[in-house]
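Now for the letters of each chain:
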Amino acid sequence: MTVRPLFHAVIVFAAVVSAGMRPSEAADQPQHLKAMCEKGTAPACNSLGLLSMKGEGVKQDDARAAALFKKACDGGDVGGCSNLGVMYAEGSGVPQDEAQAIAFSRIACDGGSTKGCYNLGVMYAEGTGGQQDDVQAADFYRQACDGGNAKGCYNLGVMYAEGIGVSQDDVQAAAFSRKACDGGSMKGCYNLGVMYAEGVVGTPQDDVQAASFYRKACDGGNARSCYNLGVMYAEGSGVQTDNFQAADLYRKACDGGSLRGCSNLGVMYAQGTGIKQDDIRAATLYRKACDAGEAKGCIHLGMVYQVGRGVKQDNAEALKYYGKACDLREPKGCAHYAKLKTGRR
């Protein structure tokens with residue numbers, strides 16, 4: 001039912017606006033920001049740089065954005081330093097330069113920017129500039145997390161879960177995942193759900209708690225959590241069995257990109273469980289899952305072609321999809337392929 005935690009590492013921009021001004025107000029007042037920046041107000045330069053990068057209220061111009069981030073950084077705004085580091089890392093508006101990316105991210109981190117620390121963690125984890133170092137990555141994620149950066153807490157939790165850069169420690173993994181979840185990281189909530197569902201040290205097996213964290217993550221847009229919670233409703237694990245809820249959650253999971261959600265929703269349409277029976281809709285969902293590489297979706301699609309439910313009966317198509325499932329290393333796909341190919345029952 002569950003999916004093991006995945007390491008998530010992305011570089012983020014520091015969206016800082018000038019004192020007393022909300023981001024929406026900044027977008028509406030580029031001329032005001034320009035005047036403030038020209039007078040030496042560093043946060044205004046950073047805010048104007050973000051508008052230039054996004055093309056909000058001003059012409060989109062990465063080179064100008066980078067110049068404004070540099071001016072902000074030179075003026076002491078650590079958000080500008082962090083953002084300039086990202087520009088160098090991605091080669092946006094400036095020549096791609098990993099050494100510069102690390103240097104400006106470090107200035108930001110040393111100055112108290114948790115996003116700068118987080119980005120440094122990502123760079124050391126990925127080996128940006130040839131400096132791959134999981135121990136350093138964990139240290140920077142810890143600094144980011146201590147400063148309230150939920151993504152830093154999430155990544156550190158995963159490192160403890162997997163024993164990357166730190167000694168493997170499920171108790172610490174749960175603690176940092178909880179801190180990430182409390183800080184708004186839906187992936188942190190998802191991982192806590194996984195830990196409670198599986199039962200690891202520090203999080204004794206508890207399906208009710210697992211369902212609670214999956215629900216929080218699902219409500220926050222995490223498709224895997226919607227899928228897992230759907231399975232729990234279908235099976236009555238940690239919640240009362242409710243096929244209508246299961247179908248709704250599979251739909252939400254599928255719409256959010258969970259291929260398993262699409263496949264399971266297809267099964268519910270085929271069976272008329274928790275939803276109006278519809279073979280054509282079932283086949284459409286199986287195809288969506290299979291086309292994106294979900295082996296069970298391919299098996300189901302092969303089955304409907306073999307018997308002609310929701311599609312025209314076609315053994316050649318059935319073999320095609322059983323074969324694809326087999327290629328995706330699903331043993332049942334190989335077995336179905338062999339039986340249909342040889343005519344065995």
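This one's a predicted model, so the numbers in the text were calculated from it and none came from an experiment.

**Q** Would you mind going over the nonpolar core with me for this structure?
**A** Met87, Tyr141, Leu192, Tyr214, Tyr250, Leu265 and Leu301 are the most contacted members of the largest nonpolar core, which has 95 residues in total. If one sorts the elements of this core by residue count, helix α11 (residues 186-198) sits on top with eight residues. Discounting residues that sit within four places of it in the chain, Leu301 has contacts with Ala283, Tyr286, Arg287, Cys290 and Tyr321. Grouped together as the second largest cluster of nonpolar side chains are nine residues, Cys37, Leu48, Leu51 and Ala72 included.

**Q** Where do I start with the environment of Cys37 in this structure?
**A** Relative to the helices and strands, Cys37 resides in helix α2 (residues 30-38). Taking the C-alpha atoms as reference points, Cys37 and Ala72, separated by 35 residues in sequence, lie 8.2 Å from one another. Aside from chain neighbours lying at most four places away, what touches Cys37 is Ala44, Cys45, Leu68 and Lys71.

**Q** What is the right way to look at the confidence of the model for the protein chain in this model?
**A** With 91% of its residues at a pLDDT of at least 70, the protein chain reaches an overall mean of 90. The spread of mean pLDDT over the elements of the protein chain runs between helix α1 (residues 23-28), the lowest at 53, and helix α14 (residues 243-255), the highest at 98. Contacts from residues 1-9, a stretch scored under 50 in pLDDT, to residues over four places away or in other chains number 39 contacts. Contacts for the low-pLDDT stretch residues 14-21, under 50 throughout, to residues beyond four places or in other chains number 29 contacts.

**Q** In this structure, what is going on with the state of the cysteines? I would like to understand it.
**A** Between two cysteines, a covalent bond joining their sulfur atoms is known as a disulfide. All told, the structure shown has nine disulfides when counted by the stated rule. The side chain of Cys73 participates in a disulfide bridge whose partner is Cys81; the two sulfur atoms lie 2.1 Å from each other. Where Cys73 bonds to Cys81 through sulfur, the torsion about that S-S bond is close to 95 degrees, and the disulfide is right-handed. Grouping residues by exposure puts Cys73 and Cys81 together as buried. The disulfide partner of Cys145 is Cys153, and the S-S distance across this bridge is 2.1 Å. Judged by the sign of its S-S torsion, about 95 degrees, the bond between Cys145 and Cys153 is right-handed. For Cys153, a relative accessible area of 2% corresponds to the buried category.

Rules used throughout
- Residues numbered from 1 in each chain as written.
- Predicted model: local features only at pLDDT ≥ 70, side-chain atom pairs only at ≥ 80, totals over all residues.
- Heavy atoms only, no water.
- Core = buried A, V, L, I, M, F, W, Y, C linked by side-chain atoms within 4.5 Å.
- Buried < 20%, exposed > 50% of the residue type's maximum accessible area, 1.4 Å probe, protein only.
- Helix = DSSP H or I, 4+ residues; strand = E, 2+ residues; numbered from the N terminus.
- Contact = heavy atoms within 4.5 Å.
- pLDDT = per-residue confidence, 0-100.
- Disulfide = S-S within 2.5 Å.

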